[in-house]
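Chain and residue survey
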Amino acid sequence: MRILPPDSSRAVHRAALLLTALAFPVAPLAAQSTATPALSAITDKVFAAWNSTHTPGCAVGVARGGVTLLERGYGMADLAGGRPIVPATVLESGSVAKQFTTTAVMLLVADGKLGLDDDARKYLPELKRYDRVITVRHLLTHTSGLREWSNLVAWQGWPRGTRVHTQSDVFKVITDQGALNYPVGDHYSYTNSGFLLARTLVERVSGMDFESFTASRIFKPLGLTHTSWRGDFTRLVPGLAQAYRRTPGGWKLDMPNDNVIAAGGLWTTVGDWLAWNEHLTKGTLGAAVTDSLTRRMKLTNGLEIAYALGLMVGEYRGTRQIAHSGSTAGYSTYLARYPQLGNLSIAVLCNAAGAPATNYTHAIVDALHPELPRASAPDTVATDVSALLSWRGAYEDTRWHTITRLDTAGGVVRLGGTPLRALRDGTYLAGNQLLRLSLAADGRTRTIRTVTSDGDSVVHTWRQAEVWKPTVAELQSLAGRYRSEEIGVTFTVSVTDGVVSVSPRHGVAETLTPTVRDAFDGADNAVWFVRGKNGAVREMHFGAGRVWNFVTVRVP
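Now for a look at the structure at hand. (Residues numbered from 1 in each chain as written. Predicted model: local features only at pLDDT ≥ 70, side-chain atom pairs only at ≥ 80, totals over all residues. Heavy atoms only, no water.)

1. Let's talk about the nonpolar core
Definition in use: The term nonpolar core refers to a set of buried residues drawn from Ala, Val, Leu, Ile, Met, Phe, Trp, Tyr and Cys, joined through side-chain atoms within 4.5 Å. Burial status follows relative accessibility: with a 1.4 Å probe on protein chains alone, a residue under 20% of its type maximum counts as buried, one over 50% as exposed, and anything between as partly exposed. Each helix is a run of H or I in the DSSP string that is no shorter than four residues. Each strand is a run of E no shorter than two, and both are numbered from the N terminus. Here, residues are in contact when the closest pair of their heavy atoms is within 4.5 Å.
Within the largest apolar cluster, 105 residues are counted, with the highest numbers of intra-cluster contacts made by Phe100, Trp155, Trp276, Phe491, Phe529 and Met540. Residue contributions to this core peak at seven residues, all from helix 7 (residues 193–206). Contact partners of phenylalanine 529, with chain neighbours within four places excluded, come to Leu478, Tyr482, Val493, Asp518, Phe520, Val537, Glu539 and Met540. Counting 31 residues, the second largest nonpolar core, distinct from the first, contains Phe47, Tyr74, Ala352 and Tyr360.

What follows is the structure in structure tokens.
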């Protein structure tokens, strides 16, 4: 059920009282049952794990109604140099940068130089012609069907971090793709590729390089004096925090050492982000620009998704949330604003890989607004394990072709290792993922349909009961060379001591684990082989979350 916002006058009055309490410490009033906690005490608790001189950490900023209430740092910006994180520390944005790229495009729209519904090939003729037109809007909403560039370069044998990728590199690999993940506009599938193309689009339409355009039209006019792009990762940036990843041997550097920007790669501070959020709230760049950023996208079937233009627009605990998360190498970030909570704005920038910046933001909201409604507990019933015995086995999803097992070992029903909880309406929950079990149209084939937060769904079809245990002959039939002209690579599939590996270049190989017949799990993707009518293998396919079905052809 949608929770309506509280009466506006009462909400404003409550927000004003809270603002006063947070900005100016006062003695508790006799009429109050509890005193409003100091904001610094809230963030001290939220970021307690990083309040150390021996770990990286986070910077946090909180504002309400355009007034900054807190900017604070926890942990270290440079472990080797002993430099702590402070409010002025510069960290990297991750994908929160996407809203700045979409703003650059919208400024050109406002200038009358392009339209969101223009064919992207008008400005990017290198793009292939597909069955449907990819518009500029599709590029900025993850609905183009374009494959994720980082998967493609990884399959070339050069994952991010193994060499310096540039805009020209990634532009070519994206525009060389002859196929899409799905028909344009049919689905939402997160991909950085559209935003990298948008960088080139901005440059061509404006006649300026991307960094200069955004600096002159966005950063400087809005006073974002500590914000710039990582267009040259070797550039010295005063106050920049190093990024880290925890390993068994301790903390190690994990920096994004490439020059690929626009989908991410923004250096900034929590203060600049709070100022940015306030400019969006006030519409400083013009209502036509800022309002467009929060207009949610619709798929071709009419389904409205949460993604707008570089921003996610939804709800948190019944209140409107406009936000985006980010993660690049060892940086983890979140930027959110809550218009119905007195224009509450929270910025979190961390330099530790995997730091849950989203959770930290929500913990601050929870502490400031305990009155917000919480989701009701799911209406669960006892799971009838016996009724699901016939459903045991391996299921293949129809998008990424990954294999997930449903089993009942120990009397507990699990899907991919996650216990299932039965709901009274006959559906199930795996964690927070809603599942529907049903038979296909033939009345025999078992399917599991997972429902996304947007209301879209993915079908998983039963393949076989047990894990495939291939013979040596079956594995040897897969060995050989497979060519992809789209990424310019010939893969070598080898079998050694009963183990299959696939290699895109000398010195790089991925070991494959059998799942179902002719299909395997790789490190971060599914791999499966397709046979012709004569039984001989003719293709090898890759599938991943952001590349659904990448085909390579067997060569002599």
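2. Some points on the packing of aromatic side chains
The following threshold applies: Pairing of aromatic rings covers Phe, Tyr and Trp, the last through its six-membered ring, and needs centres within 6.5 Å; plane angles under 30 degrees mean stacked, over 60 mean edge-to-face, and all others mean tilted. A ring is scored as having a charge over it whenever the NZ atom of a lysine or the CZ atom of an arginine sits within 6 Å of its centre and within 35 degrees of its normal.
Per the stated rule, a full pass over the model turns up 18 aromatic pairs. Seen from their ring centres, phenylalanine 491 and phenylalanine 542 are 5.1 Å apart, and the 40 degrees between their planes marks the pair as tilted. Here phenylalanine 491, found in strand 24 (residues 489–496), pairs with phenylalanine 542, found in strand 29 (residues 537–544); they are 51 residues apart in sequence, far enough to count as distant. An identical accessibility class is assigned to phenylalanine 491 and phenylalanine 542; each is buried. Three or more aromatic residues link up through ring pairs in this structure, and these residues are Phe100, Phe210, Phe219, Trp229 and Trp276. For lysine 98, the ring lying beneath its charged end belongs to phenylalanine 195, and the centroid distance is 5.3 Å. Positioned over the ring face of tryptophan 462 is arginine 446, at 4.8 Å from the centre of the ring.

3. Some remarks on the sheet that holds strand 5 (residues 91–92)
Selection criterion: When DSSP finds at least two bridges between two strands, those strands are taken to pair.
Strand order in this open sheet of three strands is 5-9-6, and the pairing throughout is antiparallel. For this open sheet the edge positions go to strand 5 and strand 6 (228–229), each flanked by a neighbour on one side alone.

4. As for the pattern of salt bridges
Close approach of charged atoms lets side chains of opposite charge pair. Counted only if it meets this: Here a salt bridge means any side-chain nitrogen of Lys or Arg lying within 4 Å of a carboxyl oxygen belonging to Asp or Glu.
One pass over the structure, following the stated rule, counts 21 salt bridges. With a closest N to O distance of 3.1 Å, arginine 147 and glutamate 486 form a salt bridge. Taken together, the positions of arginine 147 in the loop between helix 4 (136–141) and helix 5 (149–155) and glutamate 486 in the loop between strand 23 (480–484) and strand 24 put the pair 339 residues apart, joining distant regions of the chain. Judged by relative accessible area, which is 4%, arginine 147 ranks as buried. For arginine 531, the salt bridge identified is with aspartate 518, shortest N-O distance 2.7 Å. In this pair, arginine 531 is assigned in strand 28 (residues 526–531) and aspartate 518 in the loop between strand 26 (508–514) and strand 27 (519–521), connecting sequence segments 13 residues apart.

5. A word on the sheet that holds strand 1 (residues 58–64)
We apply this condition: Axis lines are fitted to C-alpha atoms, over the contacting stretch for helices. Their N-to-C directions set the angle, which ranges from 0 to 180 degrees.
The six strands are arranged 2-1-13-12-11-10 in an open sheet whose pairing can be described as antiparallel. The two strands at the open ends of the sheet, each matched to only one other strand, are strand 2 (67–74) and strand 10 (312–316). This sheet shows a mean twist of 20 degrees between the axes of neighbouring strands, independent of strand direction. When strand 1 meets strand 13 (residues 344–350), the two strands line up antiparallel, connected through seven bridges.

6. Quick look at the state of the cysteines
Condition: Cysteine sulfurs are considered disulfide-paired once they come within 2.5 Å of each other.
For the structure shown, the criterion picks out one disulfide. For cysteine 58, the disulfide goes to cysteine 350, at an S-S distance of 2.2 Å. When the S-S torsion is 100 degrees, as for the bridge of cysteine 58 with cysteine 350, the disulfide is right-handed. Taken together, the positions of cysteine 58 in strand 1 and cysteine 350 in strand 13 put the pair 292 residues apart, joining distant regions of the chain. Judged by its relative accessible area of 0%, cysteine 58 falls in the buried class.

7. So, the pairing of strand 1
With respect to burial, strand 1 is a largely interior element, seven of its seven residues being buried. Of the two faces of strand 1, the one holding Cys58, Val60, Val62 and Arg64 and the one holding Ala59, Gly61 and Ala63 are both buried throughout. Where strand 1 lies against strand 2, seven bridges are found, and the strand directions are antiparallel. Paired with alanine 59 across the strands is glycine 73, a residue of strand 2. Hairpin geometry of strand 1 and strand 2 is characterised by an intervening segment of two residues between the two adjacent antiparallel strands and by a positive phi of about 60 degrees at glycine 65.

These figures come from the coordinates and say nothing about function on their own.
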